[in-house]
Amino acid sequence: MDGSTGNRNPPPSAMSPPPSPSPESLRHVDRMINSNHYSSPSRTIYSDRFIPSRSASKFALFDINTPTEGREDSSSAYTTLLRTALFGPDVAGVAAPITPEKRNSPSMTLPSRNIFRYKTETRQSMHSLSPFMSDDVVPGVNHSPVKAPRKVPRSPYKVLDAPALQDDFYLNLVDWSSHNVLAVGLGNCVYLWNACSSKVTKLCDLGVDDCVCSVGWAQRGTHLAVGTSNGKVQIWDASRCKKIRSMEGHRLRVGALAWSSSLLSSGGRDKNIYQRDIRTQDDFVSKLSGHKSEVCGLKWSYDNRELASGGNDNRLFVWNQHSTQPVLKYCEHTAAVKAIAWSPHLHGLLASGGGTADRCIRFWNTTTNSHLSCMDTGSQVCNLVWSKNVNELVSTHGYSQNQIIVWRYPTMSKLATLTGHTYRVLYLAISPDGQTIVTGAGDETLRFWNVFPSPKSQNTESEIGALSLGRTTIR
């Protein structure tokens, strides 16, 4: 005993347990602990800082992990709420709790604008990803319809009778000038048809001993070159219907002509190409040799630096302004190369087409000296022309389908296939505005087709394509 026995038995007040808290005190403490989840039914809760609502944000679309906060039960509740908001209450397995924020928010009935909306538009439509979206149009998301392909009229808007238009693959008897005048070689005569007035003029008559084999307009002005079966090249002033000069050089017929400013190139059955400067008195300034058979295709590039030539030897050659030998040789075609076209959209892009045994359109890059692609058309390729308004081209065909095809480059998808000629479509020219083509065939008709859009409006059809101007004769 240590002398403290007087304190061994404490007073009764000290021995009694502490009084139990009242129910009101417990509710107050519970509200303090769970203040993040408690809402007063009688008043609106206000806060001194903005806390953005994440219920309308689809973080799963962007691989964003949302951080969890608080205790495990709070994390579990947050996960349940997030899963329900993203995938619906059925996925969560329980009914989604309704908070005052959701009760007062339109997001329960209408789709909410996502704060990352621009991101979903670049990856995939929100309409297909969000569980909140219905089949209706989603606000704030651009659902522009897919542009319909351009409609190309399937019928010619005008047909001209062209008696004595020859059915000869190696000739080039139709050309369209920058002044909107069409030149056509019919037998031993050349006729001019004014596309504005529909007036027909007889330019020349070569006589019974000669025949027109090619016609070609100068790039500017009213000068027309005429290649004859006697190997001569004549220059005519169409505005005065007067012959300016006649040039010799070829021993056989001249079936191909091509202008480059004041320089005129002519290709003949004698396998040669002559360069003629009409400003000089000489018949020609240079002779290009390389083809082993008749030259039937000639085209200068748009920058007037390269001349492409095709022959019955199945060869495609490229010459520069000063060469007398080809600087590029392409031997992939397996038939005569008459169809040649330079792209007005890409420097050095050249298209060529082969005859009956080949049937292919091939594309070349003359800058890199490479073969780009090949398209088997299924029939003889007679002509090619490129649109200057859009990146498309037209090909005309002979054996065996006699069709006209509008292609989109570089996919080479067919925009239209036009039929109507009953013979090989051997002749092709394009209007100066780049919208209309004229085709000629051995059925002795010229047909005018509206195939390309205007340079200003590429989505509207030209009114002329809907007009039927009847059928007349060019002579």
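Residues numbered from 1 in each chain as written. Predicted model: local features only at pLDDT ≥ 70, side-chain atom pairs only at ≥ 80, totals over all residues. Heavy atoms only, no water.

Within an unreviewed UniProt entry, the label attached to the chain reads Protein FIZZY-RELATED 1-like, and the organism entered is Cicer arietinum. Under the UniProt heading Sequence similarities (unreviewed entry), the note attached to the chain is "Belongs to the WD repeat CDC20/Fizzy family." According to the UniProt record, the Pathway (unreviewed entry) comment for the chain is "Protein modification; protein ubiquitination." (UniProt positions renumbered as here; feature names shortened; annotations may be inferred.)

Draft legend 1. Layout of the overall build of the chain. A tally of helices and strands in the chain yields seven helices and 29 strands. Buried residues in the chain amount to 44% of all 475 residues. Long-range contacts, defined here as pairs at least 24 residues apart, represent 47% of the contacts in the chain between residues at least 6 apart. Accessible area of the chain: about 25500 Å², with a carbon and sulfur share of 51%. (Helix = DSSP H or I, 4+ residues; strand = E, 2+ residues; numbered from the N terminus. Buried < 20%, exposed > 50% of the residue type's maximum accessible area, 1.4 Å probe, protein only. Contact = heavy atoms within 4.5 Å. Areas by Shrake-Rupley, 256 points an atom, 1.4 Å probe, with all protein chains shown as cover.)

Draft legend 2. Quick look at a positive patch on the surface. Together, R251, K271, K287, K292 and K329 make up a region of like positive charge exposed at the surface. Among the secondary structure elements, K292 is positioned in the loop between β13 (286–288) and β14 (295–300). (Patch = residues over 30% accessible without salt bridge, like charges linked within 9 Å, V, L, I, M, F, W, Y side chains within 5 Å. Salt bridge = Lys/Arg side-chain N within 4 Å of Asp/Glu carboxyl O. Lys, Arg positive; Asp, Glu negative; His and termini not counted. Charge placed at Lys NZ, Arg CZ, Asp CG, Glu CD.)

Draft legend 3. Molecular detail of the environment of H347. Structurally, H347 is set in the loop between β18 (337–342) and β19 (349–354). The class for H347 is exposed, based on a relative accessible area of 52%. Measuring from C-alpha to C-alpha, the distance between H347 and N365 comes to 8.5 Å, with 18 residues separating the pair along the chain. Apart from residues lying up to four places away in sequence, H347 is in contact with D303 and T367.

Draft legend 4. Spotlight on the UniProt feature "repeat: WD" (unreviewed entry) in the chain. When the UniProt feature table is mapped onto this chain numbering, "repeat: WD" (unreviewed entry) sits at residues 212–246, 288–329 and 418–451. Measuring from the first to the last C-alpha atom of residues 212–246 gives 14 Å, for a span that is 0% helix and 63% strand. Strand forms 56% of residues 418–451 and helix 0%; the C-alpha atoms that close the span are 10 Å apart.

Draft legend 5. Spatial organisation of the packing of aromatic side chains. Overall, the coordinates contain 10 aromatic pairs when judged by the stated rule. Residues W176 and F448 carry aromatic rings whose centres are separated by 5.8 Å and whose planes lie at 90 degrees to one another, so their mutual orientation is edge-to-face. One end of the pair, W176, is in strand β2 (residues 174–176); the other, F448, is in strand β28 (residues 445–450), with 272 residues separating them in the sequence. When sorted by exposure, W176 lands in the same class as F448, which is buried. Of note, K329 hangs over the ring of F317, and the distance from its end group to the ring centre comes to 5.8 Å. (Phe/Tyr/Trp six-rings, centres within 6.5 Å; stacked < 30°, edge-to-face > 60°. Lys NZ or Arg CZ within 6 Å of the ring centre and 35° of its normal.)

Draft legend 6. Spatial organisation of the pattern of salt bridges. Applying the stated criterion across every chain, the model contains 10 salt bridges. Across the pair K202 and D205 runs a salt bridge whose closest N-O atoms are separated by 3.6 Å. A residue is classified by how much of its surface remains accessible, and K202, at 44% relative accessible area, is partly exposed. Measuring nitrogen to oxygen at the nearest pair gives 4.0 Å for the salt bridge that ties K232 to E248. Placement of the pair is K232 in the loop between β7 (223–228) and β8 (233–237) and E248 in the loop between β9 (242–247) and β10 (254–260), with a sequence separation of 16 residues.

Draft legend 7. Molecular detail of the confidence of the model for the chain. Residues of the chain with pLDDT of at least 70 account for 69%, and the chain-wide mean is 81. Note that residues 105–141 has pLDDT below 50 and, in this model, 53 contacts with residues that lie over four places away or in other chains. Ignoring residues within four places in sequence, the model shows residues 459–469, a span with pLDDT below 50, making 14 contacts including any to other chains. (pLDDT = per-residue confidence, 0-100.)

Draft legend 8. The sheet that holds strand β23 (residues 392–397), seen in detail. With antiparallel pairing, four strands are arranged side by side in an open sheet as β22-β23-β24-β25. The strands lining the two open edges of the sheet, one partner per strand, are β22 (381–386) and β25 (413–418). For this sheet, the mean inter-axis angle between neighbouring strands, taken without regard to orientation, is 20 degrees. Relative to strand β24 (residues 404–408), β23 runs antiparallel, the two sharing five bridges. Within β24, the position partnered with E392 by the bridge is R408. (Pairing = 2+ DSSP bridges. Axes fitted to C-alpha atoms, helices over the stretch in contact; angles between N-to-C directions.)

Draft legend 9. Focus on the pairing of β28. By the criterion of burial, β28 is predominantly enclosed, with six of the six residues buried. Residues T445, R447 and W449 point to one face of β28 and L446, F448 and N450 to the other, with burial holding for every one of them. Where strand β1 (residues 158–161) and β28 come together, four bridges link them in antiparallel fashion. Residue pairing across strands places L160 opposite L446, the latter belonging to β28. The hairpin turn running from strand β27 (residues 436–441) into β28, its antiparallel successor, is three residues long, and E444 in that turn takes a positive phi close to 65 degrees.

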